[in-house]
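# Working through the structure, step by step
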Amino acid sequence: MSNAFLYRMPAGIPGDVTRASQSTIEPVVLDPNTPFTAFGVFGKIVSNKFVPFGAGDADGGQYGLYVRPYPITGGSGSDPLGTATPPTKGIADCLRRGYMTVKVNAGTASKDSQVYVRVAAAAAGKPIGGIEAVADSTNTIAITGATFMGAADASGNVEIAYNI
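Going along each chain's sequence as written, the residues are numbered from 1 onward. Residues qualify for local features only when their pLDDT is at least 70, as the model is predicted, and side-chain atom pairs are given and counted only at 80 or more; totals for whole chains, interfaces and linings, by contrast, use all residues. With hydrogens and water stripped out, all remaining heavy atoms of the structure feed into the side-chain values.

- Taking an unreviewed UniProt entry as the reference, the chain is identified by name as Bacteriophage protein belonging to Azotobacter beijerinckii.

Structure follows, in C-alpha cells:
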C-alpha cells in the first residue's frame, strides 16, 4: 500500500472543521422529517430545528454549516472517506463561523472566490443545497461572507471560510 502523495495532499472530508481554534460551533436540533443528505452543507432554522438549505431559499436565510461528527461510523465500520450517511434526528453541530471542508459540485474554486448554493434545477451531481463555485442564473445564490480558500482537490473537496 502506498502512502505517498505525488501531487497534492487531499483537502479533507466534507463537513470537517479545518481550523477549530478560529471556529464557532453550536449545538442544533435536527428535524427527522427534513434530513440532511450530506455533511458540509448550509442549513437554516425552521420551527427551532436545523434543516437543509434548499429550493427557493435566499442568502441571509442560512444559519450555518452542518458539521461532520467525530467519530462516526458508516454502516460497516469507520468512515475515513466521509461517506457515512448523516444522522436524521437528535443533536448535531453547526458551524456558525470558521473554516470547513466542503464538496464543490460545479465550477472551479480559487482563493477568495464566491461560494454559491444551488436552490433550483437539481441535476446529476448538482443537488439542491449543494455548494458550487460558479453562478448558474437563478438556480444558485451567492452566500454573503462565504469564500473559497483555494482550489479543490481531485475529489472536489475544498476549504471555505464562513463569517470570518
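### Thoughts on the pairing of strand β8 (residues 140-148)
- Both strand β6 (residues 114-118) and β8 contribute to a ladder of four bridges, which runs antiparallel. Its bridge partner being in β8, R118 is matched across the sheet by T140.
- For two strands to be treated as a pair, DSSP must find no fewer than two bridges joining them. In DSSP terms, a helix is any run of H or I states spanning at least four residues, a strand is any run of E spanning at least two, and both are numbered starting from the N terminus. When β8 meets strand β9 (residues 157-162), the two strands line up antiparallel, connected through three bridges. Residue pairing in the sheet places T147 in a bridge with A161 of β9.

### Remarks on the pattern of salt bridges
- Whenever a carboxyl oxygen of Asp or Glu lies within 4 Å of a side-chain nitrogen of Lys or Arg, that contact is scored as a salt bridge. All chains considered together, the criterion is met by five salt bridges.
- Among the salt bridges present, the one from D16 reaches R68, with a minimum N-O distance of 3.3 Å. Taken together, the positions of D16 in the segment before β1 (24-30) and R68 in the loop between β4 (64-66) and β5 (90-103) put the pair 52 residues apart, joining distant regions of the chain.
- For D16, a relative accessible area of 22% corresponds to the partly exposed category.
- Whether a residue is buried, partly exposed or exposed follows from its accessible area with a 1.4 Å probe, protein chains only, as a fraction of its type maximum: under 20%, in between, or over 50%, in that order. Residue classification places R68 among the buried residues on the basis of a relative accessible area of 9%.
- Two residues, R19 and E159, come together in a salt bridge whose shortest N-O distance is 2.9 Å. In this pair, R19 is assigned in the segment before β1 and E159 in strand β9, connecting sequence segments 140 residues apart.

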